[in-house]
Amino acid sequence: MIRTATLAALLTLAAAPALAQVSAAEVRTAADAVNADVVAWRRHLHQNPELGLAEVQTAAFVAERLRGFGFDEVREGVGRTGVVGILRGTGQGPQRVVALRADMDALPVQEATGLPFASTATGTYQGATVPVAHACGHDAHVAMLLGAAEVLSGMKDRFSGTIVFLFQPAEEGVPPGEPMGGARLMIEAGALENPEVEAIFGLHVVPGRPGTIFYRPQGFMAASDRVDITLTGRQTHGAWPWRGIDVIAVAANVIQTVNTLTARTVDPTTTPTVFTIATVDAGVRYNIIPDTATMSGTLRTFDRAQRQALVDRAEAAIDNIAEAYGATAAFSIRENAALVFNNEALSGWLAPVLEEAAGEGNVNPATPPTTVAEDFSYFQNEVTGVFYHLGGTADGVDPANAAPNHSPQFDVNEDVLVVGVRAHVLSALRFLESGGA
C-alpha cells in the first residue's frame, strides 16, 4: 500500500508557488552547461562496469560527486552498495519531498559495440569469471541523475522542499544467492524515509526515436517471475529408452505445454503474457538418457489474478505430464520484479512537464505496455510514482532494427543524455512547486 497522504493532497497543482517558478529555458541552459560532464561520467562508468551488489567503485564515484555538489547529506551503503543523496531547497514555501532514481549495476555480457571506451572488465557471476558490460544503459542513468544533481544543487535557493536522489544497486534481477534485489534492499534500509518521500520518478533508456519520452498510466512494465522446473526419471541406455524413464521426452512435452497454455488460455488483448522456458540442462553423453533434467524460464504478466491462475494451470499440467511418463516434477516460482504501475493522476500531470523537457510532440503518455520488467516497481508499491522511457537510438537508425537492451551491441545515443537531465530536473522542480494540501 502507498503510505503517502491522499492523492488529492499529492496533486494540489493549482496552488500558487511560493517562489518564482524556474523556467524551462533556465533548466535547458543549466543542463547544457553540465552536459560535457554528463557525457564524460557516462563514458567513465561505461568503461568500469560492476555487477549487482558489487558496485563499490560506482557508488564511491557517485558519492564523491554528490558531496562535491554540496549536498546536505550523502548516505553510502544503503541496501549494501546503494547511495542516497539529500538536497534541501533553501527557498520559503511548501516542504514537499520528491525522489529521483537511477540504477547502477551492469550485466554479465561481452561487449561488442566497438566503442573507444568499451568495457574490458570482468566480474564473478555464479562462481565463474565473466565479462561485464553496461548492456542495459545504467551508465547513462547514473550520469543523467548526477547531471540533474549538479543542476539542482545550483538552484537550491529557487525551490523549497527536499529532493532525494536514489542510486540503486542490483536492478538486474535478484543476484544469485541473495534474498532480494536492490530496490527492496534500499527500501528495507530506509531509503524512502527521513525524509519521507511523497512521490518518485525514474527513467530508462531504450531503443526509440532519439530524445523522445514514452510511458503509460497504470500497468506499464510487466511483473517478472523466475520459474524453475526439475524433472526426475530413471537413467538408461539411449538404445533402450523403455528400460528407463525418459526425462528428455518429458522436458520436450513440458516446453510445448507451457507454450500452448500461454497461447490458448490467456487473452493477449487484455493481459499481455509471456511464459518462456529459456534453459534446459540434461545429460552428459549422446547415448545415455539421464535421470534428471532442469529447466528455467521467465513469466511476464500484467494482472496478479491472471498470473496466479496461469501458474496453477502450468504446475498441474507439468505434474500430469511427468506422472504420465512415470517421472516426478518439482516446480518453483520466484518474483524478480513487481508490475510497474504508474499512478494514473500523476501520469497525467507529468505529461506537460516532460514535454517541457523533451519538446512539443516528443512525449507519448499512452504507449503500449512492454513485457520487460523493472524493480522500480517496488518503490511504486511504497510511494506514488511514474516510470518512463527515453528513446536513445543512434541518429538515422530505425529503432525497430536497433540493438536491444541486454545485447552485446547495445549503446546509447549520447545526444539524449541532456534530455534525461532536463526531465529529472523539471519533474522534481514542478512537483515541489505544485504546493501542498
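Residues numbered from 1 in each chain as written. Predicted model: local features only at pLDDT ≥ 70, side-chain atom pairs only at ≥ 80, totals over all residues. Heavy atoms only, no water.

**Q** Please explain helix 8 (residues 344–358) as it appears in this structure.
**A** Spacing of three or four residues puts side chains on the same side of an α-helix, whose turn is 3.6 residues. Between the first and last C-alpha of helix 8 there are 21 Å, a value that for 15 residues agrees with the 21 Å anticipated at 1.5 Å per step. Leu346, Ser347, Trp349, Leu350, Ala351, Val353, Leu354, Ala357 and Ala358 are the residues of helix 8 that are buried. By the N-cap criterion, in which a side-chain oxygen at the helix start approaches the backbone nitrogen of a residue two or three places on, helix 8 is capped by Asn343, the distance to Ala345 being 3.1 Å. Backbone geometry just after helix 8 places Gly359 at a positive phi near 100°. (Helix = DSSP H or I, 4+ residues; strand = E, 2+ residues; numbered from the N terminus. Expected span 1.5 Å × (residues − 1). Buried < 20%, exposed > 50% of the residue type's maximum accessible area, 1.4 Å probe, protein only. Polar contact = N/O pair within 3.5 Å; in protein donor to acceptor, adjacent residues only side chain to side chain.)

**Q** Would you mind showing me how to read the environment of Arg304 here?
**A** Residue position: Arg304 is located in helix 7 (residues 304–325). Taking the C-alpha atoms as reference points, Arg304 and Ala338, 34 residues apart in sequence, are found 9.5 Å from one another. When neighbours within four sequence positions are excluded, Arg304 is seen to be in contact with Glu335 and Ala338. (Contact = heavy atoms within 4.5 Å.)

**Q** Sorry if this is basic, but what is going on with the side chain of Ser153 here?
**A** Locating Ser153 in the fold gives a position in helix 4 (residues 138–153). Residue Ser153 is classed as buried on the basis of its relative accessible area of 14%. Beyond its immediate sequence surroundings of up to four residues, Ser153 is in contact with Phe69, Phe71 and Leu87.

**Q** In this structure, what is going on with the sheet that holds strand 18 (residues 384–391)? I would like to understand it.
**A** Strand pairing in a sheet relies on backbone hydrogen bonds, with the paired strands running either antiparallel or parallel. Read across the sheet, eight strands follow the order 1-2-6-3-7-18-8-17 without closing on themselves; strand pairing throughout is mixed. Of all strands in the sheet, those with a lone pairing partner are strand 1 (73–78) and strand 17 (363–364), marking the two edges. Relative to strand 6 (residues 162–168), strand 3 (residues 97–103) is paired through seven bridges, and the arrangement is parallel. The residue of strand 6 that forms the bridge with Arg101 is Leu166. Of the strands in this sheet, strand 7 (199–206), strand 8 (213–214), strand 17 and strand 18 are in contact with helix 8, which crosses strand 18 at around 35°. Each of strand 3, strand 6, strand 7, strand 8 and strand 18 touches helix 10 (residues 417–433); the most contacted strand, strand 3, lies at about 160° to it. (Pairing = 2+ DSSP bridges. Axes fitted to C-alpha atoms, helices over the stretch in contact; angles between N-to-C directions.)

**Q** Sorry if this is basic, but what is going on with a negative patch on the surface here?
**A** A grouping of Asp312, Glu315, Asp319 and Glu323 is seen on the molecular surface, where their side chains present a negatively charged patch. Its place among the elements puts Glu323 in helix 7. Using a relative accessible area of 58% as the deciding quantity, one classes Glu323 as exposed. (Patch = residues over 30% accessible without salt bridge, like charges linked within 9 Å, V, L, I, M, F, W, Y side chains within 5 Å. Areas by Shrake-Rupley, 256 points an atom, 1.4 Å probe, with all protein chains shown as cover. Salt bridge = Lys/Arg side-chain N within 4 Å of Asp/Glu carboxyl O. Lys, Arg positive; Asp, Glu negative; His and termini not counted. Charge placed at Lys NZ, Arg CZ, Asp CG, Glu CD.)

**Q** What exactly am I supposed to notice about the pattern of salt bridges here?
**A** Pairing between side chains of opposite charge can happen when the charged atoms of each approach one another. Counted under the stated rule, the structure contains 20 salt bridges. Arg42 serves as the salt-bridge partner of Glu414, at 3.0 Å between the closest nitrogen and oxygen. Taken together, the residues Glu414 in the loop between strand 18 and helix 10 and Arg42 in helix 2 (residues 24–47) connect sequence positions 372 residues apart. An identical accessibility class is assigned to Glu414 and Arg42; each is buried. Within this structure, Arg42, Arg43, Asp139, Asp411 and Glu414 form a network of salt bridges that share partners.

**Q** Help me understand the nonpolar core in this model?
**A** A general feature of soluble globular proteins is that nonpolar side chains tend to end up buried together. Among the nonpolar cores identified, the biggest contains 93 residues, and Leu66, Leu152, Phe165, Leu166, Phe167, Ile213 and Tyr215 are the most heavily contacted of them. Counting residues per element, this core draws most heavily on helix 10, at 11 residues. In contact with Ile213, other than residues within four places in its own chain, are Leu354, Ala358, Asn362, Val363, Asn364, Tyr388, His389, Leu390, Val419 and Ala423. By size, the runner-up hydrophobic cluster in this structure holds 25 residues, among which are Ile245, Ala293, Ile321 and Ala322. (Core = buried A, V, L, I, M, F, W, Y, C linked by side-chain atoms within 4.5 Å.)

In short, geometric facts, not functional conclusions.
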